[in-house]
Amino acid sequence: MRGVIDTAMNFRDSLADYRVLPVVTAYSVHGTVRLAQTLAEAGMGAIEITLRTDCAAASIRAVRDTVPGITVAAGTVCGPQDLQVALAAGAQFCVSPGLTPGLLQAAADSGAALLPGIASASDILLGLEHGLDVFKFFPAGAAGGIDMLKALAGPFPQVAFCPTGGLTAANFREYLALPNVLCCGGSWMVASALVQQEQWDMIKQLAAEAVSTSAARATGEIT
């Protein structure tokens, strides 16, 4: 399944497979392709390219065309128009910082796999009304972190999360240990300084460490 999301039906399983989703700001098409290749070589199965720069859509398309071993998500999808831009560029799923009825309806109408951001129980209820049961928990650190995720497990046992925002190499393992966390998002292995300085070896090392640790955590090999 890794590297392919044909419909929203296999979305939950795919996220659980990826475990760590690197959140990338595209500064150039060439650099983003090189970054995606580095992440794929390190064993990462997906990349989120945020729609925050002028070259983001072109970078999504270029990575889809040239790095077949990695699933490409579009991040910072804030409304129906962003969703259409992302899908036209070839994004295989979309990630939003929040959710609105309009965005949820646009995703349903297009058949797009959407990971909408939530920060409260009310957000989750809105998503559930639209048939979703997997959400981005954002901003995870500021919104209550691990304690909040534990609290949400009680009223929402069917819901799973991808916490993003405030996760680092030092704390992401604790998030992944929670039973209602499928994967986590972060940028520590793709920090802007590392990318702009083309520190590909360091990026590969950090990404490989994240993959190794998350895989061991998933199989219970480490505590």
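Predicted model, so just to flag it, every value in this text is computed and none were measured. (Residues numbered from 1 in each chain as written. Predicted model: local features only at pLDDT ≥ 70, side-chain atom pairs only at ≥ 80, totals over all residues. Heavy atoms only, no water.)

Draft legend 1. Molecular detail of the state of the cysteines. Counted under the stated rule, the structure contains zero disulfides. The structure places no disulfide on Cys55, whose sulfur is separated from the nearest cysteine sulfur, that of Cys78, by 17 Å. The buried category is assigned to Cys55, whose relative accessible area is 16%. As a non-bridged cysteine, Cys78 has Cys94 as the owner of its nearest cysteine sulfur, 11 Å distant. (Disulfide = S-S within 2.5 Å. Buried < 20%, exposed > 50% of the residue type's maximum accessible area, 1.4 Å probe, protein only.)

Draft legend 2. Examining helix α2 (residues 29-41) more closely. With 13 residues, α2 extends 18 Å between its outermost C-alpha atoms, agreeing within 8% with the 18 Å of an ideal straight helix rising 1.5 Å per residue. Among the residues making up α2, those that are buried are Gly31, Thr32, Val33, Leu35, Ala36, Thr38 and Leu39. Backbone nitrogen of Gly31 and a side-chain oxygen of the N-cap are separated by 2.9 Å at the start of α2; the cap is Ser28. (Helix = DSSP H or I, 4+ residues; strand = E, 2+ residues; numbered from the N terminus. Expected span 1.5 Å × (residues − 1). Polar contact = N/O pair within 3.5 Å; in protein donor to acceptor, adjacent residues only side chain to side chain.)

Draft legend 3. Spotlight on the packing of helix α3 (residues 56-66) against helix α4 (residues 80-89). At a minimum axis separation of 8 Å, α3 and α4 run at an interaxial angle of 30 degrees. Regarding α3 and α4, the two cross each other, and that crossing is right-handed. Across the interface between the two elements, Ala57, Ile60 and Arg61 of α3 pack against Val85, Ala88 and Ala89 of α4. By residue class, the composition of the contact of α3 with α4 is five nonpolar, no polar and one charged. (Axes fitted to C-alpha atoms, helices over the stretch in contact; angles between N-to-C directions. Left-handed = near helix turned anticlockwise from the far one by under 90°. Contact = heavy atoms within 4.5 Å. Nonpolar A, V, L, I, M, F, W, Y, C, P; charged D, E, K, R; others polar.)

Draft legend 4. Geometry of the sheet that holds strand β7 (residues 134-137). Read from one edge of the open sheet, three strands run β6-β7-β8, paired in parallel fashion. In this open sheet, the two edge strands, each paired with only one partner strand, are β6 (117-118) and β8 (160-163). As paired elements, β7 and β8 share four bridges and run parallel to each other. Bridging across to β8, Phe137 finds its partner in Pro163. Lying over the sheet, helix α6 (residues 121-129) contacts β6, β7 and β8, oriented at roughly 150 degrees with respect to β7. (Pairing = 2+ DSSP bridges.)

Draft legend 5. Structural context of the pairing of strand β1 (residues 20-24). Extensive coverage of β1 is indicated by the burial of five of its five residues. Burial along β1 is two-sided: the face carrying Val20, Pro22 and Val24 and the face carrying Leu21 and Val23 are both buried. Relative to strand β9 (residues 184-186), β1 runs parallel, the two being bridged by three bridges. Residue pairing in the sheet places Val20 in a bridge with Cys184 of β9. Pairing analysis gives two bridges linking β1 to strand β2 (residues 46-50), with the strands arranged parallel.

Draft legend 6. Spotlight on the pattern of salt bridges. As enumerated under the stated definition, the model contains three salt bridges in all. Across the pair Arg12 and Asp133 runs a salt bridge, and its minimum N-O distance is 3.0 Å. With Arg12 in helix α1 (residues 11-18) and Asp133 in the loop between α6 and β7, this residue pair connects regions lying 121 residues apart in the sequence. Residue classification places Arg12 among the partly exposed residues on the basis of a relative accessible area of 29%. Residue classification places Asp133 among the partly exposed residues on the basis of a relative accessible area of 32%. One salt bridge in this structure joins Asp65 and Arg61, with 3.5 Å as the shortest N-O distance. Of this pair, Asp65 and Arg61 both sit in helix α3, four residues apart, roughly one helical turn. For Asp65, a relative accessible area of 53% gives the class exposed. Note on Arg61: relative accessible area 34%, which makes it partly exposed. (Salt bridge = Lys/Arg side-chain N within 4 Å of Asp/Glu carboxyl O.)

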